[in-house]
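A structural walkthrough
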Amino acid sequence: MTELTELVGTWMRRQRWYSTKNVEPRLRLLASFDAEPVDADVRVVTHFFCDEAPRTPRVYQVPVVARASRDGDEAALIGEAGGRYLYDGPTEEAYVASLVQLMTGQEHAEGRDAHAQGHTLGERIAVRSSRRLTGEQSNTSIVGELEDGRLALIKVFRVVQDGENPDVSTLAALTAGGSRRTPSLLGWLTGSWPTPSGGTASGELALMQDFVPGAEDGWELAVSAAERGEDFTDRAYQLGAGTAELHRLMARSLPTKPATKEDVALALDGMFRRLTVTTTEVPEVEDLRAGIAAVYEDAAAAPLPLLQRIHGDLHLGQVLYAPDRGWQFIDFEGEPLRPLAERALPDATMRDVAGMLRSFDYVAGSLARRETPVDAAAWAANGRQAYLDGYASVAGSEVEDFRLLLDAFELDKAVYEIAYEARHRPAWIPIPLSAVQRLLATRVS
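Presented here is an overview of the structure given in this document. (Residues numbered from 1 in each chain as written. Predicted model: local features only at pLDDT ≥ 70, side-chain atom pairs only at ≥ 80, totals over all residues. Heavy atoms only, no water.)

Examining the pattern of salt bridges
Counting across every chain of the model gives 30 salt bridges. Arg13 serves as the salt-bridge partner of Glu24, at 3.8 Å between the closest nitrogen and oxygen. Of the two residues, Glu24 is situated in the loop between helix H1 (2-12) and strand E1 (27-35) and Arg13 in the loop between H1 and E1; the sequence distance between them amounts to 11 residues. Judged by its relative accessible area of 26%, Arg13 falls in the partly exposed class. Across the pair Arg70 and Glu74 runs a salt bridge whose closest N-O atoms are separated by 2.8 Å. The class for Arg70 is partly exposed, based on a relative accessible area of 47%. (Salt bridge = Lys/Arg side-chain N within 4 Å of Asp/Glu carboxyl O. Helix = DSSP H or I, 4+ residues; strand = E, 2+ residues; numbered from the N terminus. Buried < 20%, exposed > 50% of the residue type's maximum accessible area, 1.4 Å probe, protein only.)

Focus: the sheet that holds strand E10 (residues 151-157)
Across the sheet, seven strands lie side by side as E6-E7-E12-E13-E10-E9-E8; this open sheet has antiparallel pairing. Edge strands, defined here as strands with exactly one partner in the open sheet, are strand E6 (108-110) and strand E8 (127-132). Strand-to-strand twist across the sheet, computed as the mean angle between neighbouring axes with direction ignored, equals 20 degrees. Bridging between E6 and strand E7 (residues 115-120) involves three bridges; their strand directions are antiparallel. Considered in E7, the bridge of His108 is made with Gln117. (Pairing = 2+ DSSP bridges. Axes fitted to C-alpha atoms, helices over the stretch in contact; angles between N-to-C directions.)

A few points about the packing of helix H9 (residues 349-368) against helix H12 (residues 403-424)
It is the contact of H9 with H12, at a shortest axis distance of 8 Å, that shows an interaxial angle of 50 degrees. Taken as axis vectors, H9 and H12 run oblique relative to one another. Here the hand of the crossing between H9 and H12 comes out right-handed. When H9 is examined against H12, the residues Met350, Arg351, Val353, Ala354, Leu357, Arg358 and Tyr362 are found in contact with a partner set consisting of Leu405, Leu406, Phe409, Glu410, Asp412, Lys413, Ala414, Glu417 and Glu421. The residue inventory of the contact of H9 with H12, partitioned by class, reads nine nonpolar, no polar and seven charged. (Parallel < 35°, antiparallel > 145°, perpendicular 65-115°, else oblique. Left-handed = near helix turned anticlockwise from the far one by under 90°. Contact = heavy atoms within 4.5 Å. Nonpolar A, V, L, I, M, F, W, Y, C, P; charged D, E, K, R; others polar.)

Some words on the sheet that holds strand E17 (residues 319-322)
Read across the sheet, three strands follow the order E14-E17-E18 without closing on themselves; strand pairing throughout is antiparallel. Taken across any chain shown, the strands that pair with only one partner, and hence form the sheet edges, are strand E14 (216-217) and strand E18 (326-329). Summarising the sheet, E14 and E17 pair through two bridges and their orientation is antiparallel. Its bridge partner lying in E17, Glu216 is registered against Tyr321.

Some points on the nonpolar core
Formed by 110 residues in total, the largest nonpolar core has its most connected members in Ile292 and Tyr387. With nine residues, the single largest contributor to this core is H9. Leave out the neighbours within four places in its chain, and Tyr387 touches Ala236, Tyr237, Leu239, Gly240, Thr243, Leu314, Val353, Met356, Leu357 and Phe360. Counting residues in hydrophobic clusters, the runner-up holds 15 residues, among them Met12, Tyr18, Val64 and Ala66. (Core = buried A, V, L, I, M, F, W, Y, C linked by side-chain atoms within 4.5 Å.)

Some points on empty space enclosed by the protein
Taken as a whole and judged by the stated rule, the model has two cavities of 30 Å³ or more. Here the largest cavity defines a volume of roughly 70 Å³. Along its surface, the largest cavity is lined by Arg309, Ile310, Gly312, Gly334, Glu335, Arg338, Glu342, Arg343, Leu345, Asp347 and Arg351. Within the lining of the largest cavity, the residues separate by chemical class into two nonpolar, two polar and seven charged. One number sums up the size of the second largest cavity: a volume of about 40 Å³. In this structure, the second largest cavity is lined by Phe33, Ala35, Val44, Thr46, Tyr95, Ser98, Leu99, Leu102 and Leu189. Of all the elements in the fold, those that place two or more residues in the lining of the second largest cavity are E1, strand E2 (42-51) and helix H2 (93-104). Top element by residues in the lining of the second largest cavity is H2. It accounts for four residues. Across the lining of the second largest cavity, the residue classes break down as seven nonpolar, two polar and no charged. (1 Å grid on protein atoms, 1.4 Å probe; cavity = no way out; pocket = protein on both sides within 12 Å on 5 of 7 lines; lining within 4 Å. Points joined across faces, edges and corners; volume = space filled by probe spheres on them.)

A word on the pairing of E7
Along any regular strand, the residues point their side chains to alternate faces of the sheet. The hairpin turn running from E6 into E7, its antiparallel successor, is four residues long. Two elements, E7 and strand E12 (residues 185-194), share six bridges in a ladder whose sense is antiparallel. Bridge assignment links His119 to a residue of E12, and that residue is Trp188.

What about the layout of surface pockets?
The calculated volume of the second largest pocket comes to roughly 550 Å³. Taken together, 25 residues make up the lining of the second largest pocket; nearest its centre are Asp361, Arg384, Ser434, Ala435 and Arg438. Of all the secondary-structure elements, those providing two or more residues to the lining of the second largest pocket are H9, helix H10 (376-395), H12 and helix H13 (430-444). In terms of residues, the lining of the second largest pocket owes the most to one element, H13, which gives eight residues.

Re the packing of aromatic side chains
This structure, assessed with the given rule, holds 13 aromatic pairs. Taking 5.5 Å as the distance between ring centres and 85 degrees as the angle between the ring planes, the aromatic pair formed by Phe272 and Tyr296 counts as edge-to-face. With a gap of 24 residues between them, Phe272 in helix H6 (residues 261-281) and Tyr296 in helix H7 (residues 289-301) connect regions that are remote in the sequence. Looking at Phe272, the relative accessible area reads 23%, which means it is partly exposed. Taken together, a centroid distance of 6.3 Å and an interplanar angle of 15 degrees make the contact between Tyr362 and Trp428 stacked. (Phe/Tyr/Trp six-rings, centres within 6.5 Å; stacked < 30°, edge-to-face > 60°.)

Structure follows, in structure tokens:
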């Protein structure tokens, strides 16, 4: 297995979903399981590798199709081992067909130390053809044509963790609740594998949902409108209303709880921790620290809403607009940097609202870096207000009732963004920094 580990390590380093950048993988094979191949000439194997290069080891799911001949996609070739050519599974129709069969056929796949189990909310499904989508980040997405002519989006989780993945549990609950604001969940795959320390972990490996035809990415749609100076307030209003509808369905379909002193203390601790990191890395934020801290303290002392499941990482890149379905919300995994166990915990809806408000600012910020006659700041301000108005059209006075909390979440998000930009795109620091200054100035006035 040394040959396989070395091949995968060299190949993994070049993949966009490899999460530890600028570090060479140091892999250890934990376990594998075979899936029933649709094509008798290939072997379909899913490996679990522990990468011990980062400070906190990560476990990757690496599906592989092994062929006797070199007749697969050269761009997906991992290498040759044991007399067979190994290809990245999601690029291979044999793997995708096998995965869909496993997900929706209520079947098992067994290995010596790992296994997988399929689940479905509906009928058994088979796939006719498939193609991997480009541009993935932490996961790999595939579009499959089903035997009945429908299209499905299949997502393979590359980094796997022990515990419930909210991308599956949230979408399952919303689908069962009849959501019109999300694609329907068709099936998913759970599995178990050894932990790096010798225990056993279990969690989701992949999901399949219906594909939204003709949908446009929310970020690209907003940027394109801003570049042309087109009014976006109607779309923003609809998006706000859709967000409130989503939150209401989540509250009906998933657990809620009153906020406790412990919840407040935990949230405050996270905010102040991020503020300390940012002021250390970006000294000019130190002058704003007292004002930011005052907003946090005011929010903690104010009345708090009922906590519920939320999206957790909401921004314009997490929504699609389809002419016949309106705004659709996708990718419910939550904030990637948070531990998986925390992402499904009940939270305040205003955290989602704050994330979307920040996204409008980033549209304006990206526009301000180009030569354009459009008043980017005014475009963003109009979009932000229209979004809040749309949210209020469904949620009533909720935004005003918890305005202090919304301000705190928006500041917290902007503070985090400052540190992020300082590390990765220093020229973009003015986008979140100006937001912090604006929010504090509004409070003073």
